[in-house]
Protein chains: 2
Amino acid sequence: MNQKNTKDPGSGKRQRYIQPSILMSLKLKSSYGYELIQEIQKLGFVEGSAPPGMIYRHLRQLEEEGMVCSEWHTEGAGPARRIYRLTPEGDDMLYSWIQYMEDQARKLKDFTEGYYRITGCQGTSHSIE
Amino acid sequence: MNQKNTKDPGSGKRQRYIQPSILMSLKLKSSYGYELIQEIQKLGFVEGSAPPGMIYRHLRQLEEEGMVCSEWHTEGAGPARRIYRLTPEGDDMLYSWIQYMEDQARKLKDFTEGYYRITGCQGTSHSIE
DNA sequence: TACATATATATCCTTAAAGGATATATGTCA
DNA sequence: TGACATATATCCTTTAAGGATATATATGTA
């Protein structure tokens, strides 16, 4: 059972919730791109390091939309950092995400419970044919 | 709170779990494209009618991959129907989807619970700034 | 017969999001 | 000096979904 198919769920370009992960990280603490790559791993949706291009693309887009704002920090060691901060609009957007994610979680739960209802309990064969 | 942002979660091209919805419908009952459009609505992820093009595209792709098989049914009223049936491989793939979806549901729950942990309980303001 | 409607499948193009490669610049340390 | 870690930026490709449109068959009805 559960052989490796050519196309496994999760192998494609599935939703990885990178945008809400960035917003959530920034709600906890203002930060910058390079650090966010590490931070968002802790939130569970991105395994390993997210490609930097994705993070910077999201940050630029979020700033365009007014969800975050940024300023250069040149003091301190190493190259200058662009520090991003969540705006009130971004805070609202994060809350919209939370509601969306709760809704998705509920639908997923209904779906998988429905599956186990027709196949018998979890842990037994999933086949009825 | 929760003003309408220019880009609301769920407005873009988010994951709608159409493939597992089709597999689940076919596990319950062999069916054909036109009927599946109605059936998968009941599974919660697709509101309204899914665009027919999406359904037929998925069915063709799933058949190519050996997850479903089909045969024409010409008897009965109306145009001929191509009846799709889940294969054992498709059954395995559905189970892979179930595991993936359970994992996603757990991550989503952790994420939203983490949010409420830092903002206070659900129902109060989501702002801490 | 002619036409409208419901049923049913198929094909096509566009857009959104993610994957992933690469370039550039700065400071530290051996 | 050269290697390395830090840090940002830009670019192109791939995948999945959105959505429009074409085609064909059977039925009811004016």
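Residues numbered from 1 in each chain as written. Chains lettered and ligands numbered in written order. Predicted model: local features only at pLDDT ≥ 70, side-chain atom pairs only at ≥ 80, totals over all residues. Heavy atoms only, no water.

## Things to note about unusual backbone geometry
Residue and element names in this part refer to chain A.
Part 1: Even without being a glycine, Tyr17 presents a positive backbone phi close to 55 degrees.
Part 2: Tracing the sequence through the fold places Tyr17 in the segment before α1 (18–28).
Part 3: We classify Tyr17 as buried; its relative accessible area is 3%. (Helix = DSSP H or I, 4+ residues; strand = E, 2+ residues; numbered from the N terminus. Buried < 20%, exposed > 50% of the residue type's maximum accessible area, 1.4 Å probe, protein only.)

## Details of the packing of aromatic side chains
Part 1: Evaluated as defined, the whole model comprises 12 aromatic pairs over all chains.
Part 2: Taking the centre distance of 6.3 Å and the plane angle of 35 degrees together, the rings of Tyr95(A) and Tyr115(B) count as tilted. Taken together, the positions of Tyr95(A) in helix α4 (residues 88–119) and Tyr115(B) in helix α4 (residues 88–119) put the pair across two chains.
Part 3: Judged by its relative accessible area of 12%, Tyr95(A) falls in the buried class.
Part 4: Here Tyr115(B) falls in the buried class, since its relative accessible area comes to 0%.
Part 5: The interplanar angle of 85 degrees and the centroid separation of 5.7 Å between the aromatic rings of Trp97(A) and Tyr100(A) together place this pair among those described as edge-to-face. With Trp97(A) and Tyr100(A) both in helix α4 and 3 residues apart, this pair spans about one turn of that helix. Pair check on accessibility: Trp97(A) and Tyr100(A) agree, each one buried.
Part 6: Taken together, the ring pairs in this structure connect Tyr17(A), Phe45(A), Trp97(A), Tyr100(A) and Phe111(B) into an aromatic cluster. (Phe/Tyr/Trp six-rings, centres within 6.5 Å; stacked < 30°, edge-to-face > 60°.)

## Points about the environment of Met54(B)
Residues and elements named next belong to chain B.
Part 1: For Met54, the position within the fold is in helix α3 (residues 52–64).
Part 2: A relative accessible area of 18% places Met54 in the buried class.
Part 3: In this structure the C-alpha to C-alpha distance between Met54 and Ile18, which are 36 residues apart in sequence, comes to 8.6 Å.

## Points about the confidence of the model for chain A
Atom-level detail of predicted coordinates should not be read off regions where pLDDT is low.
Part 1: The pLDDT averaged across chain A works out to 85; a share of 84% of its residues lies at or above 70.
Part 2: Overall, residues 1–6 of chain A carries pLDDT values under 50, and its contacts beyond four positions in sequence, including any with other chains, amount to 16 contacts. (pLDDT = per-residue confidence, 0-100. Contact = heavy atoms within 4.5 Å.)

## Description of the environment of Leu23(B)
Residues and elements named next belong to chain B.
Part 1: One can find Leu23 in helix α1 (residues 18–28).
Part 2: Leu23 gets classed as buried once you look at its relative accessible area, which sits at 0%.
Part 3: Along the backbone, Leu23 and Leu94 are 71 residues apart, and their C-alpha atoms lie at a distance of 6.1 Å.
Part 4: The residues contacting Leu23, other than those within four sequence positions of it, are Leu62, Val68, Leu86, Gly90, Met93, Leu94 and Trp97.

## Things to note about α4(A)
Owing to its 3.6 residues per turn, the α-helix aligns residues three or four sequence positions apart on the same side.
Part 1: Between its first and last C-alpha, α4(A) extends 47 Å over 32 residues, near the 46 Å set by a 1.5 Å rise per residue.
Part 2: Remark: Gly120(A) follows α4(A) within two positions and exhibits a positive phi of approximately 95 degrees. (Expected span 1.5 Å × (residues − 1).)

## Some details on helix α3 (residues 52–64) of chain A
All names here are of chain A.
Part 1: Look at α3: 18 Å from first C-alpha to last across 13 residues, which is about the 18 Å you get at 1.5 Å a residue.
Part 2: By the burial criterion, the buried members of α3 are Met54, Ile55, His58, Leu59 and Leu62. Relative to the axis of α3, the buried residues are bounded by an arc of 130 degrees and lie together on one face. In α3, the exposed positions angled more than 90 degrees off the buried face are occupied by Arg60 and Glu64.
Part 3: Structurally, α3 contributes buried residues whose contacts are with α1, α2 (33–39), β2 (68–73), β3 (81–86) and α4.
Part 4: Immediately downstream of α3, the backbone of Gly66 shows phi near 80 degrees, a positive value. (Arc of directions from axis to C-beta.)

## Considerations on the sheet that holds strand β2 (residues 68–73) of chain B
All names here are of chain B.
Part 1: The antiparallel open sheet is built from 3 strands, whose spatial order is β1-β3-β2. The open sheet terminates on both sides in strands that have one partner only, identified here as β1 (31–32) and β2.
Part 2: Packing against the sheet, α1 makes contact with β1, β2 and β3 (81–86), and its axis sits at approximately 90 degrees to β3. (Pairing = 2+ DSSP bridges. Axes fitted to C-alpha atoms, helices over the stretch in contact; angles between N-to-C directions.)

## Considerations on the packing of α1(B) against α4(B)
Residue and element names in this part refer to chain B.
Part 1: Two numbers describe how α1 lies on α4: the axes approach to 10 Å, and their chain directions differ by 125 degrees. Between α1 and α4, the angle is such that the two are oblique. Between α1 and α4 lies a crossing of left-handed hand. On α4, the residues touching Gln19, Pro20, Leu23, Met24 and Lys27 of α1 are Gly90, Asp91, Met93, Leu94, Trp97 and Met101.
Part 2: Tallied by class, the residues present in the contact of α1 with α4 amount to 7 nonpolar, 2 polar and 2 charged. (Parallel < 35°, antiparallel > 145°, perpendicular 65-115°, else oblique. Left-handed = near helix turned anticlockwise from the far one by under 90°. Nonpolar A, V, L, I, M, F, W, Y, C, P; charged D, E, K, R; others polar.)

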